[in-house]
Amino acid sequence: MRSLVLIGHGSHLNGESAGAVYRYAELLRGRGLFDEVIEGYWKEEPSLRQVLKTTASTDITVIPMFISEGYFTETVIPREMGLGHQGPVPEGGVARVIGGRTVRYTLPYGVHPAMTDVILARAHEALPDASPQDTALIVLGHGTTRNENSSRVIYQNADRLRDSGHFAEVHALFLDEDPKVGTWPEVVKAPRVVVVPFFASEGWHTLETIPEDMGLTGTVTAFPDHPHGPQQVFYAKPVGTHAAVADVVLHLAEEARGAGGQGDPERGHEAAWQTFLERARAGLRVGEVLLTPELGVFELRHMLDEGLPGGELVTLVTPEGVRDRTRVTDGGDHRPVHTLRTLPRGWRAVLNEADLRRAVHYLYPAVVEETYAHSCHALRHTPWATTARRQTGIYAKVQKATPAQVEHVAQEVCSGCLRTRLWAGERLTFTFLDRVPGGLPCAEACTFLVAEVREEVSGKRGAGHGH
Ligand code: SF4
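Residues numbered from 1 in each chain as written. Predicted model: local features only at pLDDT ≥ 70, side-chain atom pairs only at ≥ 80, totals over all residues. Heavy atoms only, no water.

*Asks:* How would you summarise the overall build of the protein if you had to cite specific residues and measurements?
*Replies:* Regarding its fold elements, the protein presents 14 helices and 17 strands. For the protein, the spread of C-alpha atoms along the three principal axes comes to 75 × 50 × 50 Å. When burial is assessed residue by residue, the protein has 56% of its 467 residues classed as buried. Within the protein, contacts between residues separated by at least 24 positions form 72% of all contacts whose residues are at least 6 apart in sequence. Carbon and sulfur atoms form 53% of the exposed surface of the protein, whose accessible area is close to 19,600 Å². Mean positive and mean negative side-chain charge positions of the protein (47 and 58 charges, respectively) differ by 6 Å. (Helix = DSSP H or I, 4+ residues; strand = E, 2+ residues; numbered from the N terminus. Buried < 20%, exposed > 50% of the residue type's maximum accessible area, 1.4 Å probe, protein only. Contact = heavy atoms within 4.5 Å. Areas by Shrake-Rupley, 256 points an atom, 1.4 Å probe, with all protein chains shown as cover. Lys, Arg positive; Asp, Glu negative; His and termini not counted. Charge placed at Lys NZ, Arg CZ, Asp CG, Glu CD.)

*Asks:* Can you break down the sheet that holds strand E6 (residues 135–141) residue by residue, with the values?
*Replies:* Pairing between the strands of a sheet is mediated by backbone hydrogen bonds and can be parallel or antiparallel. Spatially, five strands are ordered E7-E6-E8-E10-E9 in an open sheet, and the strand pairing comes out mixed. The open sheet is flanked by strand E7 (169–174) and strand E9 (220–223), the only strands paired with a single partner. Adjacent strand axes in the sheet meet at a mean angle of 20°, parallel and antiparallel pairs treated alike. Relative to strand E10 (residues 231–235), E9 runs antiparallel, the two sharing four bridges. Paired with Val-220 across the strands is Phe-234, a residue of E10. Against the sheet, helix H3 (residues 115–126) engages E6, strand E8 (192–197) and E10, with an angle of about 130° to E8. (Pairing = 2+ DSSP bridges. Axes fitted to C-alpha atoms, helices over the stretch in contact; angles between N-to-C directions.)

*Asks:* I'd like a description of the domain arrangement of the protein, backed by residues and values.
*Replies:* Split into domains, the protein comes out as domain 1 (3–111 + 244–267), domain 2 (115–241), domain 3 (268–365) and domain 4 (380–457). Summarising the inter-unit geometry, the C-alpha centres of domain 2 and domain 4 are found 45 Å apart. (Domains from an automatic or database assignment.)

*Asks:* Residue-level account of the nonpolar core, with values.
*Replies:* If you look at the biggest cluster of nonpolar residues, it comprises 89 residues, and the most contacted ones within it are Leu-6 and Leu-137. Tallying contributions element by element places helix H7 (residues 245–257) first for this core, with seven residues. With residues up to four places along the chain from it excluded, the contact list for Leu-137 reads Ile-119, Ala-123, Leu-161, Phe-167, Glu-169, Val-170, His-171, Val-194 and Val-196. Counting 28 residues, the second-largest nonpolar core is a separate cluster that includes Val-286, Phe-298, Val-360 and Leu-363. (Core = buried A, V, L, I, M, F, W, Y, C linked by side-chain atoms within 4.5 Å.)

*Asks:* Describe the pattern of salt bridges, with residues and values.
*Replies:* Enumeration over the complete set of coordinates arrives at 34 salt bridges. Of the charged contacts, one joins Glu-444 and Arg-49 as a salt bridge, the two residues approaching to 3.0 Å between their closest N and O atoms. Linking Glu-444 in the loop between strand E17 (440–442) and helix H14 (447–457) with Arg-49 in the loop between strand E2 (36–41) and strand E3 (59–64), this pair joins segments that are 395 residues apart in sequence. For Glu-444, a relative accessible area of 15% gives the class buried. What makes Arg-49 partly exposed here is its relative accessible area of 31%. Between Arg-454 and Glu-455 there is a salt bridge; the shortest N-O distance is 3.6 Å. Judged by relative accessible area, which is 12%, Arg-454 ranks as buried. What makes Glu-455 buried here is its relative accessible area of 1%. Residues joined by salt bridges that share partners form a network here, namely Arg-49, Arg-79, Glu-80, Arg-390 and Glu-444. (Salt bridge = Lys/Arg side-chain N within 4 Å of Asp/Glu carboxyl O.)

*Asks:* Go over the side chain of Glu-177 with me, naming the residues and quoting the values.
*Replies:* The topology assignment puts Glu-177 in the loop between E7 and helix H5 (184–187). In this structure, Glu-177 is buried with no salt-bridge partner, the nearest side chain bearing the opposite charge being Lys-180 at 9.2 Å. A polar contact of 3.3 Å, which involves the side chain of Glu-177, links it to the side chain of Ser-151. (Polar contact = N/O pair within 3.5 Å; in protein donor to acceptor, adjacent residues only side chain to side chain.)

*Asks:* Could you give an account of the environment of Leu-6, with specific residues and numbers?
*Replies:* Within the secondary structure layout, Leu-6 lies in strand E1 (residues 3–8). In contact with Leu-6, other than residues within four places in its own chain, are Val-21, Tyr-24, Ala-25, Leu-28, Val-37, Ile-38, Glu-39, Gly-40, Ile-63, Met-65 and Val-249.

*Asks:* Help me get a handle on the sheet that holds strand E5 (residues 101–105), residues and values and all.
*Replies:* With mixed pairing, five strands are arranged side by side in an open sheet as E2-E1-E3-E5-E4. On the outer flanks of this sheet lie E2 and strand E4 (94–98), each paired with one strand and no other. Mean inter-strand twist for the sheet, computed between neighbouring axes without regard to direction, equals 25°. Inspection of the sheet shows E4 paired to E5 by five bridges, in the antiparallel sense. Pairing of Arg-96 across the sheet is with Val-103, part of E5.

*Asks:* Please give an account of the packing of helix H13 (residues 403–414) against H14 that cites residues and values.
*Replies:* Here H13 crosses H14 at 130°, and the two axes come no closer than 10 Å. In terms of axis orientation, H13 runs oblique to H14. For the pair H13 and H14, the sense of crossing is right-handed. Contacts between H13 and H14 involve Gln-405, Val-406, His-408, Val-409, Ala-410, Val-413 and Cys-414 from the first element and Phe-448, Leu-449, Glu-452, Val-453, Glu-456 and Val-457 from the second. For the contact of H13 with H14, a count of residues per class yields nine nonpolar, two polar and two charged. (Parallel < 35°, antiparallel > 145°, perpendicular 65-115°, else oblique. Left-handed = near helix turned anticlockwise from the far one by under 90°. Nonpolar A, V, L, I, M, F, W, Y, C, P; charged D, E, K, R; others polar.)

Quick look at the structure:
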């Protein structure tokens, strides 16, 4: 049995941020090569701290869904996941045994040599008859003086594509370092030019900065008066959103696995879910959700919708449907913490037992595993001081927060959350497994609270600042 875990950044504010990782997870699930494909995020749930607990097998491959190496892939992800590794990840990844699970952590997909094929695919989408006679290719990277790795990958891809002979010229240009993208009219001579942004997703840079710096007006732009004669520029979509990235992920996973054996079902995880299903078969309330068994399937709905005729609710039939419906509040706001009491109403889901597990995982990530561990006295709590000490980068300043400040913020943020703060010394005697629906443990301050404490320390809280 094998689990694949895809790690994304996510966002406390914007629900779109996690979308690309969800899409790749679905593509990879469809390939059927792993028994499960799970997503984990820095700023959403399941969080990096929780995600390993939510995996069902003892053989786990973790892939950072990032375009280049850097702070997140080398510092934040391994630290938060407790991988016992910091710094550059060697080719082939690192492997650790953590709590009986073999966890392999790979390089981010963007540095894999197979990304060259993705660049080529994007170029041909933008200009199907690109030819070595008259077409130049620009591989366009972000580039930054702080991270030489990101530009190295662009140069490596440009070299491979130059050697492939598909184009008359191949150039590596950057937004933030020399050679800058704005210099392209001087360096590119071919009459037709394809520009492929080596970016993870469509966003501010691909939609605004790049077109502005290059003088582009759409997917095809004509420049009649350039120093080397008239030129036409074909602007491709970013590489990171191409479906072929799923193949790159599979290459990475296979290379990391090497001659590794087959995993087994993880016993603690299985015990947690069997306990949950046993309770569910008799009808159960979890958090804000009412779960009712019905002729071999299960119905889930918001507790406040109890008794409403099914016809008045939107019926969902897949775990992904439940996920997408419950990622936003009734007011349309993003829900980075799923246990905040903001579950939207107006839906019901009808699911078989296997899909019920996945739907509950999406509804309340890690809640079944953590609650079961709590009931077995096996859930480790992390006090605030330890969480704060671990923070780096812009979050390091939370170490300066006084206990009173942390408590003040927690009173506001956590009072809207179903979880009980074990990390702050609160006690939880009965859980939803004992039929107390709101009995859910919080073993460690979530990144949402950490971000709010940072705002408090910065004096920005309540001033309309996001994070
Ligand atoms: Fe909920 Fe507070 Fe725990 Fe975050 S820290 S999960 S808001 S109880």
